[in-house]
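# Reading the structure
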Amino acid sequence: MTKTECFGILFDDGDPDEITAKALSLIGSDRGVYAVTPNPEIVLAARKDPELRDALRSADLILPDGVGLVWASKILGRPLYHRLPGIDFAYGLLKELAERGGSVFLLGASPGVAQLAGEKLQRAYPGLRIAGTQHGYFASRDEAALPEEIRQSGAELLFVCLGSPKQELWMKQYSAELPGVLMIGLGGALDVFSGRLRRAPQHWRKIGLEWLYRLLQEPKRFKRMIRLPEILWAAMTEKGRK
Ligand code: UDP
């Protein structure tokens, strides 16, 4: 596994097996550890938002999600060889965890979604224990109690699906309170696990069109996605300056 710098962020570039093994080895550390899976939109946002940038840089694993980053890294002359969508990373970890009877806590999405996702994952991975679920629209007065609830649940893995930058900031803020736990920021993954949103078929993913499939399901994302060429433009500008 190598480290490759892209827009000031040091990505972990490795094949899925290496990444999964590394992630599993982090469970049980004496502090909470966390993985981030920034897509081009998050990387662009981090260029303007120092708090988000710091939360990304402090992560224990930084995985490139999105074909736009692979293209941008080639333009920059420091290519990323692997792309690991957060959701594939999650499936890999769940499979391994289920084999040893491990447990996961699901945090985020609209009320009811995390619970439904838990039921579906439990069926798909019979050895897995769903340690608990909590929707992502908690009042700020309840937020402080959450780490304690997660700790008490005995979860080894925590999916933090609050959208960006909320999820990255949340993981950085609470990592010290969650020793032993591996957290992963996974955006809209619970909507997919629950079946509320469908994932792109394999052949769409292979040719790098997962974003288009998602756009067709959620047209309200258009405004966000139109910004994607921006990362390629940013890479060209940076390359031109050097
Ligand atoms: N979300 C949440 N709490 C919030 C804001 C968002 O739980 O305060 C959830 C939202 O319901 C959705 C996910 O976070 O399930 C964000 O999904 P989005 O599509 O924005 O993330 P992406 O996959 O693009 O990173």
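One can find the structure itself at the top, above this paragraph.
Okay, so let's go over this structure. (Residues numbered from 1 in each chain as written. Predicted model: local features only at pLDDT ≥ 70, side-chain atom pairs only at ≥ 80, totals over all residues. Heavy atoms only, no water.)

### Some words on the nonpolar core
Nonpolar side chains tend to gather and get buried jointly when the protein is soluble and globular. F7, L107, L158, W170 and M183 are the most contacted members of the largest nonpolar core, which totals 38 residues. If one sorts the elements of this core by residue count, helix α2 (residues 40–48) sits on top with four residues. Ignoring anything within four residues of it in the chain, the contact list for L107 reads Q134, H135, F138, L146, L158, F159, V160, C161, L162, W170 and L190. With 37 residues, the next largest nonpolar core counts A23, L97, L186 and V192 among its residues. (Core = buried A, V, L, I, M, F, W, Y, C linked by side-chain atoms within 4.5 Å. Buried < 20%, exposed > 50% of the residue type's maximum accessible area, 1.4 Å probe, protein only. Helix = DSSP H or I, 4+ residues; strand = E, 2+ residues; numbered from the N terminus. Contact = heavy atoms within 4.5 Å.)

### A short note on the packing of α2 against helix α3 (residues 50–57)
Following both chains from N to C, one finds α2 and α3 inclined at 120°, their axes separated by 6 Å at the closest point. Compared by their axis directions, α2 and α3 come out oblique. In the packing of α2 onto α3, the handedness of the crossing is left-handed. Every residue of α3 that contacts α2 at I42, A45, A46, R47 and K48 is listed here: P50, L52, R53 and L56. Looking at the contact of α2 with α3 residue by residue, the classes come out as six nonpolar, no polar and three charged. (Axes fitted to C-alpha atoms, helices over the stretch in contact; angles between N-to-C directions. Parallel < 35°, antiparallel > 145°, perpendicular 65-115°, else oblique. Left-handed = near helix turned anticlockwise from the far one by under 90°. Nonpolar A, V, L, I, M, F, W, Y, C, P; charged D, E, K, R; others polar.)

### Quick look at the packing of aromatic side chains
Taken as a whole and judged by the stated rule, the model has four aromatic pairs. Ring centres of W170 and Y174 lie 4.8 Å apart, and the angle between their planes is 45°; on these two criteria the pair is classed as tilted. Here W170 pairs with Y174, and both are found in helix α9 (residues 166–174), just four residues apart, close to one helical turn. Considering the side-chain rings of W204 and Y213, the 5.2 Å spacing of their centres and the 75° angle between planes classify their relative orientation as edge-to-face. (Phe/Tyr/Trp six-rings, centres within 6.5 Å; stacked < 30°, edge-to-face > 60°.)

### Comments concerning helix α14 (residues 229–241)
Since there are 3.6 residues in each turn of an α-helix, residues three or four apart along the chain are aligned in direction. With 13 residues, α14 ought to run about 18 Å at 1.5 Å a step, and its terminal C-alpha atoms sit 19 Å apart, in line with that. Buried residues along α14 sit against α2 and α4 (67–76). (Expected span 1.5 Å × (residues − 1).)

### What about unusual backbone geometry?
Residue P165 is reached from S164 by a cis peptide bond, and omega for that bond is 10°. For F7, which is not a glycine, the phi torsion comes out positive at approximately 50°. Considering the arrangement of structural elements, one finds F7 in the loop between β1 (2–6) and β2 (9–13). On the basis of relative accessible area, F7 is assigned to the buried category, the value being 7%. With phi around 70°, A109 is a residue other than glycine that occupies positive phi space. Note on placement: A109 falls in the loop between β5 (103–108) and α6 (113–124).

### Some remarks on the side chain of E168
Within the secondary structure, E168 sits in helix α9. Beyond its immediate sequence surroundings of up to four residues, E168 is in contact with V36, I42, L52, A55, L56 and G163.

### Re the pairing of β2
Of all five residues making up β2, four are buried, and the element is well covered by its neighbours. As defined by bridge partners, β1 adjoins β2 across five bridges and the pair is classed as antiparallel. Within β2, the position partnered with C6 by the bridge is I9. Hairpin connection from β1 to β2: two residues lie between these consecutive antiparallel strands, with F7 at a positive phi of about 50°. (Pairing = 2+ DSSP bridges.)

### Side note on the site of the ligand
Inspection of the region around the ligand gives 15 residues, with A109, G136, K166, D191 and R221 positioned closest. A distance of 3.2 Å separates an oxygen atom of the ligand from a polar atom in the backbone of G163. Look at the ligand: alone it shows 550 Å² of surface, and the protein chains cover 79% of it. (Near = heavy atom within 4 Å. Polar contact = N/O pair within 3.5 Å; in protein donor to acceptor, adjacent residues only side chain to side chain. Areas by Shrake-Rupley, 256 points an atom, 1.4 Å probe, with all protein chains shown as cover.)

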